[in-house]
Amino acid sequence: MSPLKRSNNIAARMGRWSASHWKTAVFGWLAFVVAAFMIGAVVGTKNIDQNDASVGQAHQADKILQKGFPEADPQTEIVLIQSTKRVADDPEFRATIAEVVAAVDGNPAIKNLRSPLASGNHDQISKDRHAVLVSWDMKGDYDQAATKIAAIQASVEKVADRHPGYYVGEAGSISSGEALEKMFGDQLKLAGERSIPITFIVLLLVFGALVAVGVPLLLALSGVIATIGLVALPSHLVPMDSNVSAVILLIGLAVGVDYSLFYLKREREERAAGKGARAALEAAAATSGRSVLISGFTVMIAMAGMMFSGDKGYLGFGIATMMVVGIAMLGSLTVLPALLSKLGDRVERGKIPYLHRLRRDSGENRLWKRILTPALRRPGLAAAISGGALLVMALPVLNLHTAQSGLDALPNSAPTVETIKKIQGEFSNGTVAETQVAIAANTDSPATQRAIEALKAKTLAAGLSTGAIDVEVNAAHTVARVDIPLVGKGTDEESNAALARLRNDILPATLGTVPGAEYGVTGATAISADSNSLLKRKAPIVFGFVLVFAFALLLVTFRSVVIAAKAVLLNLLSVGAAYGVLVAVFQWGWGESLLGFEGNGGIASWLPIFMFVILFGLSMDYHVFILSRVREAYDRGLKTEDAVAHGITTTAGVVSSAALVMVGAFAVFALMPIIDMKEMGIGLAAAVLIDATIVRAVLLPATMKLLGDWNWYLPRWLEWLPRLDHGDESVAKEKPEAAPVPAAAG
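Note that the coordinates shown come from a computational prediction; the quantities given were computed from them, not determined experimentally.

### Regarding helix H2 (residues 22–43)
- Over its 22 residues, H2 extends 31 Å from the first C-alpha to the last, a length consistent with the 32 Å expected when each residue adds 1.5 Å.
- Residues Ala25, Val26, Trp29, Val33, Ala36 and Gly40 constitute the buried set of H2. On an axial view of H2, the arc spanned by its buried residues comes to 100 degrees, and they lie on one face. Exposed and facing more than 90 degrees away from the buried side of H2 are Lys23, Phe27, Met38, Ala41 and Val42.
- Against helix H1 (10–20), helix H8 (210–230), helix H9 (232–235) and helix H13 (312–343) lie the buried residues of H2.
- The first or second residue beyond H2 is Gly44, which carries a positive phi of 80 degrees.

### Considering the environment of Ala524
- On the secondary structure map, Ala524 appears in helix H20 (residues 524–558).
- C-alpha of Ala524 to C-alpha of Gly490: the two residues are 34 residues apart in sequence and 6.6 Å apart in space.

### Brief notes about the sheet that holds strand S8 (residues 479–484)
- A sheet is described by the order of its strands in space; here four strands give the open sequence S7-S8-S6-S9, paired in antiparallel fashion. Looking at the sheet topology across the chains shown, the edges are occupied by strand S7 (470–473) and strand S9 (518–523). Strand after strand, the sheet turns through a mean of 20 degrees between neighbouring axes, direction not considered.
- Relative to S8, strand S6 (residues 435–440) runs antiparallel, the two sharing six bridges. Its bridge partner lying in S8, Gln436 is registered against Asp483.
- The sheet strands contacting H20 are S6 and S9, and the helix crosses S9 at an angle near 95 degrees.

### Describing the confidence of the model for the protein
- Chain-level statistics for the protein give a pLDDT mean of 85 and a share of 91% at 70 or above.
- Under a pLDDT of 50 for its full length, residues 1–6 has, in the predicted model, 11 contacts with residues more than four places off or in other chains.
- This model gives residues 730–746 a pLDDT under 50, and the stretch forms 26 contacts once residues within four places in sequence are excluded.

### Observations regarding the packing of helix H10 (residues 244–272) against H13
- Relative orientation of the contacting elements H10 and H13 amounts to 30 degrees, with a least axis distance of 9 Å. Put simply, H10 runs roughly parallel to H13. As for the relative orientation of H10 and H13, their crossing is right-handed in sense. Residues Val244, Val247, Ile248, Ile251, Gly252, Val255, Gly256, Tyr259, Ser260, Tyr263, Leu264 and Glu267 of H10 form the contact with H13, whose participating residues are Phe317, Ala320, Thr321, Val324, Val325, Ala328, Met329, Ser332, Leu333, Leu336, Pro337 and Leu340.
- Partitioned by chemical class, the residues of the contact of H10 with H13 number 18 nonpolar, five polar and one charged.

### Some points on a positive patch on the surface
- Together, Lys23, Lys342, Arg346 and Arg349 make up a region of like positive charge exposed at the surface.
- Its place among the elements puts Arg349 in the loop between H13 and helix H14 (353–358).

### A look at helix H11 (residues 277–286)
- Of all 10 residues making up H11, seven are buried, and the element is well covered by its neighbours.
- Within H11, the full set of buried residues consists of Ala280, Leu281, Glu282, Ala283, Ala284, Ala285 and Ala286.
- Where H11 is buried, its residues contact H1, H10, helix H12 (288–304) and H13.

### So, the pairing of strand S4 (residues 167–172)
- Of all the six residues making up S4, five are buried; the element is thus mostly covered by neighbouring parts of the structure.
- Two elements, strand S1 (residues 76–82) and S4, share six bridges in a ladder whose sense is antiparallel. Across the sheet, residue Ile81 finds its bridge partner in S4, namely Val168.

### Side note on the sheet that holds S4
- Taken together, four strands build an open sheet; the order of strands is S2-S3-S1-S4 and the sheet is antiparallel. The open sheet has two edge strands, strand S2 (110–114) and S4, and neither has a second partner. Sheet twist, expressed as the average angle between the axes of neighbouring strands with direction ignored, equals 20 degrees.
- The pairing of S1 with strand S3 (residues 131–138) spans seven bridges and is classified as antiparallel. The residue bridging Ile78 from the neighbouring strand is Ser135, located in S3.

### Notes on the packing of helix H7 (residues 175–207) against H10
- Interhelical geometry of H7 versus H10 gives an angle of 10 degrees and a closest axis separation of 9 Å. By the angle class used here, H7 and H10 are roughly parallel. On the side of H7, the interface is formed by Leu188, Ala191, Gly192, Glu193, Ser195, Ile196, Thr199, Leu203, Val206 and Phe207, while H10 contributes Ala246, Leu249, Leu250, Leu253, Val257, Leu261, Leu264 and Lys265.
- Residue composition of the contact of H7 with H10, grouped by class: 13 nonpolar, three polar and two charged.

### Examining a nonpolar patch on the surface
- Residues Ile39, Val42, Val43 and Leu233 make up a contiguous nonpolar surface patch of roughly 330 Å² in combined accessible area.
- By residue number, the principal contributor to the nonpolar patch is H2, which donates three residues.
- Following the sequence through the fold, Ile39 ends up in helix H2.
- Relative accessible area serves as the criterion here: at 32%, Ile39 is assigned to the partly exposed category.

### Observations concerning the environment of Leu253
- Within the fold, Leu253 resides in helix H10.
- When its relative accessible area of 3% is taken as the criterion, Leu253 is described as buried.
- Sequence separation of Leu253 and Leu217 is 36 residues, and the distance between their C-alpha atoms is 7.8 Å.
- In contact with Leu253, not counting residues within four places along its chain, are Ser195, Ile196, Thr199, Leu217, Ala220, Leu221, Val224 and Ile248.

### Here we look at the packing of aromatic side chains
- Evaluated as defined, the whole model comprises 13 aromatic pairs.
- Ring centres of Trp29 and Phe32 lie 5.6 Å apart, and the angle between their planes is 50 degrees; on these two criteria the pair is classed as tilted. Taken together, the positions of Trp29 and Phe32, both in helix H2 and three residues apart, correspond to about one turn of that helix.
- Under the relative-accessibility criterion, Phe32 is labelled partly exposed at 28%.
- Judged by centre distance (4.0 Å) and plane angle (10 degrees), the ring pair of Phe262 and Phe625 falls under stacked. Linking Phe262 in helix H10 with Phe625 in helix H23 (residues 607–635), this pair joins segments that are 363 residues apart in sequence.
- For Phe625, a relative accessible area of 5% translates into the label buried.
- These aromatic residues form a ring-pair network of at least three members: Phe308, Phe545 and Phe549.
- The ring centre of Tyr167 lies 4.9 Å from the NZ or CZ of Lys422, which sits over that ring.
- Sitting over the ring of Phe69, Arg481 keeps its end group 4.8 Å from the ring centre.

### What to know about the pattern of salt bridges
- A complete count under the given rule lists 25 salt bridges for this structure.
- We note a salt bridge from Arg86 to Asp90, for which the minimum N-O separation is 3.2 Å.
- Judged by its relative accessible area of 33%, Arg86 is partly exposed.
- Close ionic contact of Asp345 with Arg268 constitutes a salt bridge, the shortest N to O distance being 3.1 Å. Of this pair, Asp345 sits in the loop between H13 and H14 while Arg268 sits in helix H10, and the two are 77 residues apart along the sequence.
- Salt bridges sharing partners connect three or more residues here, namely Arg266, Glu270, Lys275, Glu632 and Arg636.

Here is what the cut-offs are and how they apply
- In this numbering scheme, every chain counts its residues from 1 along its sequence in written order.
- A pLDDT threshold of at least 70 governs which residues receive local features in this predicted model, and a stricter bar of 80 or more applies before side-chain atom pairs are shown or counted, although totals over entire chains, interfaces and linings include all residues.
- Each side-chain value is worked out from all heavy atoms of the structure, with water and hydrogens disregarded.
- Every helix listed is a DSSP run of H or I at least four residues long, and every strand listed is a run of E at least two residues long, numbered separately from the N terminus.
- Multiplying 1.5 Å by the helix residue count minus one yields the expected span of that helix.
- Each residue gets one of three labels from its accessible area relative to the maximum for its type: buried under 20%, exposed over 50%, partly exposed in between, using a 1.4 Å probe on protein chains only.
- Arc, as used here, means the arc of the directions from the helix axis to the C-beta atoms.
- Any two residues whose heavy atoms approach within 4.5 Å are treated as being in contact.
- Strands were regarded as paired on the criterion that DSSP finds at least two bridges between them.
- Lines are fitted to the C-alpha atoms to define the axes, a helix being fitted only along its stretch in contact, and any angle between axes, read from their N-to-C directions, falls within 0 to 180 degrees.
- Residue-level confidence of the predictor is what pLDDT reports, using numbers from 0 through 100.
- For classification, angles of less than 35 degrees are called roughly parallel, those exceeding 145 degrees roughly antiparallel, those between 65 and 115 degrees roughly perpendicular, and all remaining angles oblique.
- Left-handed describes a crossing in which the near helix is turned anticlockwise from the far one by less than a right angle; the clockwise case is right-handed.
- The nonpolar class holds Ala, Val, Leu, Ile, Met, Phe, Trp, Tyr, Cys and Pro. Asp, Glu, Lys and Arg form the charged class, and all remaining residues, Gly among them, are polar.
- Nonpolar side chains (Val, Leu, Ile, Met, Phe, Trp, Tyr) are joined into patches within 5 Å and like charges within 9 Å, using only residues with over 30% relative accessible area and no salt bridge.
- Accessibility throughout is a Shrake-Rupley quantity obtained with a 1.4 Å probe, and a residue counts as covered only by protein chains that appear here.
- By salt bridge we mean one thing: a side-chain nitrogen of Lys or Arg within 4 Å of a carboxyl oxygen of Asp or Glu.
- Charged residues are defined narrowly, with Lys and Arg counted positive, Asp and Glu counted negative, and His plus the chain ends left uncounted.
- By convention, the point assigned to a charge is CZ for Arg, NZ for Lys, CD for Glu and CG for Asp.
- The criterion for an aromatic pair is that two Phe, Tyr or Trp rings (for Trp, the six-membered ring) have centres within 6.5 Å, with stacked assigned to planes under 30 degrees apart, edge-to-face to planes over 60 apart and tilted to the rest.
- Criterion for a charge above a ring: Lys NZ or Arg CZ within 6 Å of the ring centre, and within 35 degrees of the ring normal.

Have a look at this one:
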């Protein structure tokens, strides 16, 4: 039986039960993973409907168009035909155009085929007459059109092959959307796959034995598989982003390996200190297991912050990441101790001779002790230098500008991007991604007709359009769609300024005068602007939720206002420094030549919120783990200074190893061709590196040394908070009921 008395330490009790019922725990977990995966396969994961992905006014406009044109939005496709030597009037050029038209004409999946050879389509011929456009609309909604586009693309490619002297390329809402989404998904999948061998190598350096490496890696991957299956269930209430599986893999692998690493290293340390196999396991369950439990809930709280962003993709990511963290936590607290109880010292099998000699199971890390000594000897100077360095790194945040990424975020090698950029050069991007004004009104009314004509005239007079403005009315004459090719590149300042002028000035002065008319603007530019605006409005809510609940959880865990407040402050400093790195590297362009990209003058609009919740959650992993060890030593009678030194030196090796796993996994994204992914990779990797070095190795110990016993300050009016065990009860010394803290005012 267990040498430990019954306690209120849930993690210890879970570990003890799992060790005593290892078959139930292990085979129950395997059954759970298989069942979860099968559920996902049967139910299927529902993804966000592309026709319902917009927000704000763009979403309202989309709803008007969907109601008025239920068969489809105008899913426009364009083929660019370009020659450097011949002009559109040349018979050979005209024959090439005719072949493209013939290749798609008569296809039952298209409508509204427009040829530059037809009268009235002069706007489909470039000013220098070296390029023309053939365009059409796809029938059905986005998903229906996506199933038909490949055959059409193949027909166009055959024409291109027969005319090597011409550039013949297709782009459009369906072909470009499908190709770029596939490329994006493939890149995320590749990043996830690369992170697995990186994790394996780091774990091999940490443990030096194949079995010890396999246990945390397989446990983390099984948790990821289970989550990918189970996420199908909530997806039918909250549809998921198509890239949710890649996000689950990266977050699940990071936290799953971290939790197992914390647990397994503590068990090995206790064994090296002379404890029996069962006692060492229970000590790890009572200490590191408890840290995993607290850390897991803290990370889940941070991930829950994404659910307040108002964005459909973030909502799905929030649910999925909370699930994978919860499952990883459950596996680490049950399956891991069950496996360790069965394996015992056989977890050391498969030793890699040289690597195994480098490993240290016992206690304090001499390297980190040498690094820590100066910070504890001169804590004021260490805190000033490290804190000042973080503030300097964070200064660029004052100039942070977010931008919705457009074509400038993609390399020319990306599918259809070259075609779109050529169209931009010849016709402006408005031809590819038109802005649509949706109008719900009696279109037969003279007032409505006058307003639409005035809208067209004022838009052209203001220089907001690059081509012809088309109007289409539905069969019931209740909804009209006005297609306006706005100036600019779609998401740049010129396009956004034109959109603002259209929405704020021209529409109120025209359609706004029609009694009972409803109207709104949608399209690529409008969707981008509305999404950016929403995220900026919601960011304070997300940040506030995460900070408040993280503070409350840490307050209850450590019964200290100072510890909780300092943890929040240090995490804000590390996130701020990471934001500063992002601004300097990408917005200011300091890393353009090194990383091979061309900046767009801003940071991806979705990134600040995503980075904040991910980084805040993951950095709390380290903070909880370190502080639990410090508090454990303090509760055993060590002075605060000695407890800090002991806690950090005994956890530094594990924390640095866990950080190395994350840095390696995130840095993979820096090699991706998509600038948004580069930004995410550099930002996350830099933040984890900063957090595990400057913050945890210098600033945290220095501030704890300066504060002394004030670290454990708790006002008397909060004495009702529950007391949680921090150490291994079998070795805990007798101590006063309350840890000594400075006198607090009532």
